[in-house]
Each structure stands twice: as C-alpha cells, then as structure tokens.
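Each chain, written out:
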Amino acid sequence: QVQLVESGGGLVQAGGSLRLSCTASGRTFSSKAMGWFRQAPGKEREFVAGISASGGGTGYADSVKGRSTISRDNAKNTVYLQVNSLKIEDTAVYYCAASYLLVASRAAGAYNDWGQGTQVTVSS
C-alpha cells in the first residue's frame, strides 16, 4: 500500500497557473503508474491526467489537454500536475492516485491508493 499526500492547491484567479504535487511513501513508487483525478461539487470524480511508471507515457482529459503537464520524479517519489490558463470550471478537489498497473489508465478502478485531495478554487 502506498500513502499519498497532495499539496499545492489553493485559490487562483482565472487565467493563472498552479502546480500540484503528490508525494508517495514506500519503495514501490517507480513501479506504479500515477494519475490525477478531480471532483467538483455535485459531480462525479473524473480523470485529469496520468503518467506511466517510467514517465515515458502520459495521457490527458480533453478538458485539460494542451494546458496541463503531468510529470514525475521517481527519485523523489513525487508526481506533479501543472495546469495553466485555469478556468472557473477547473474548480474541484484534486486527487492523486497510484495504480497497480505500469501504464496509466483513465479508469478510477485501475488505481488502488488515493490521496486525501487538495482543493483548487479558480475565481473570476
């Protein structure tokens, strides 16, 4: 089991940027694909971005493609999500998740460890 701790959320103006970080405990981080999900009030949790265990493969939701970058540093057991040109609709709780797979999936069911979430609020 991997414990995940997110940081970097907060209140940001529309058009701004932020970088979320997620640090994992344990020695298995480099063998796990990682993902970022988000959940807005009244909505289901949705996939945002994923990265393979090696970092060589990434995937993004259409809603953030072109303005987001997911990356990882396996030496630091940390995965990052950079989001630019923030929109009001990006407001949500963002969750980091660790998969039992090597390749990132868009399905929440492929992830068996989750962080507690970090709130991102985008204001006009």
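Refer to the structure above for everything that follows.
Since the model is a prediction, treat every value here as computed from it, not as a measurement. (Residues numbered from 1 in each chain as written. Predicted model: local features only at pLDDT ≥ 70, side-chain atom pairs only at ≥ 80, totals over all residues. Heavy atoms only, no water.)

Caption draft 1: A look at the overall build of the chain. Scanning the chain from terminus to terminus reveals zero helices and eleven strands. In terms of overall dimensions, the chain is globule-like: its C-alpha atoms have a radius of gyration of 13 Å, near the 14 Å expected for 124 residues. Its C-alpha atoms give the chain principal-axis dimensions of about 40 × 25 × 25 Å. Out of the 124 residues belonging to the chain, those deemed buried represent 48%. Long-range contacts, defined as pairs at least 24 residues apart, comprise 59% of the intrachain contacts of the chain with a sequence gap of at least 6. When the 12 basic and 8 acidic side-chain charges of the chain are each reduced to a single mean position, those positions are 5 Å apart. (Helix = DSSP H or I, 4+ residues; strand = E, 2+ residues; numbered from the N terminus. Rg over C-alpha atoms; globule rule 2.2 N^0.38 Å. Buried < 20%, exposed > 50% of the residue type's maximum accessible area, 1.4 Å probe, protein only. Contact = heavy atoms within 4.5 Å. Lys, Arg positive; Asp, Glu negative; His and termini not counted. Charge placed at Lys NZ, Arg CZ, Asp CG, Glu CD.)

Caption draft 2: Looking closely at the nonpolar core. Residues L4, M34, W36, I70, V79, L81 and Y94 are the most contacted members of the largest nonpolar core, which totals 33 residues. Secondary structure elements with two or more residues in this core: strand 3 (18-24), strand 4 (34-39), strand 5 (46-51), strand 8 (78-83), strand 9 (92-99) and strand 11 (118-123). Ranked by residues supplied to this core, first place goes to strand 9 with five residues. Leaving out residues up to four positions away in the same chain, I70 has contacts with M34, W36, A49, G50, I51, T58, Y60, V79, Y80 and L81. (Core = buried A, V, L, I, M, F, W, Y, C linked by side-chain atoms within 4.5 Å.)

Caption draft 3: Quick peek at the environment of R67. Assignment of secondary structure puts R67 in the loop between strand 6 (58-60) and strand 7 (68-73). Looking at R67, the relative accessible area reads 10%, which means it is buried. Measuring from C-alpha to C-alpha, the distance between R67 and V83 comes to 5.9 Å, with 16 residues separating the pair along the chain. Beyond its immediate chain neighbours, meaning those up to four positions away, R67 contacts Q82, V83, N84, S85, L86, K87 and D90. A distance of 3.3 Å separates a polar atom in the side chain of R67 from the backbone oxygen of S85. (Polar contact = N/O pair within 3.5 Å; in protein donor to acceptor, adjacent residues only side chain to side chain.)

Caption draft 4: Just the pattern of salt bridges, in detail. One pass over the full model with this rule turns up four salt bridges. For R38, the salt bridge is made with E46, and the minimal N-O distance between the two is 2.6 Å. For R38, a relative accessible area of 5% translates into the label buried. For R67, the salt bridge identified is with D90, shortest N-O distance 2.8 Å. A residue pair is termed long-range when its members are at least 10 positions apart, and R67 in the loop between strand 6 and strand 7 and D90 in the loop between strand 8 and strand 9 qualify at 23 residues. (Salt bridge = Lys/Arg side-chain N within 4 Å of Asp/Glu carboxyl O.)

Distances and angles like these do not, on their own, reveal function.
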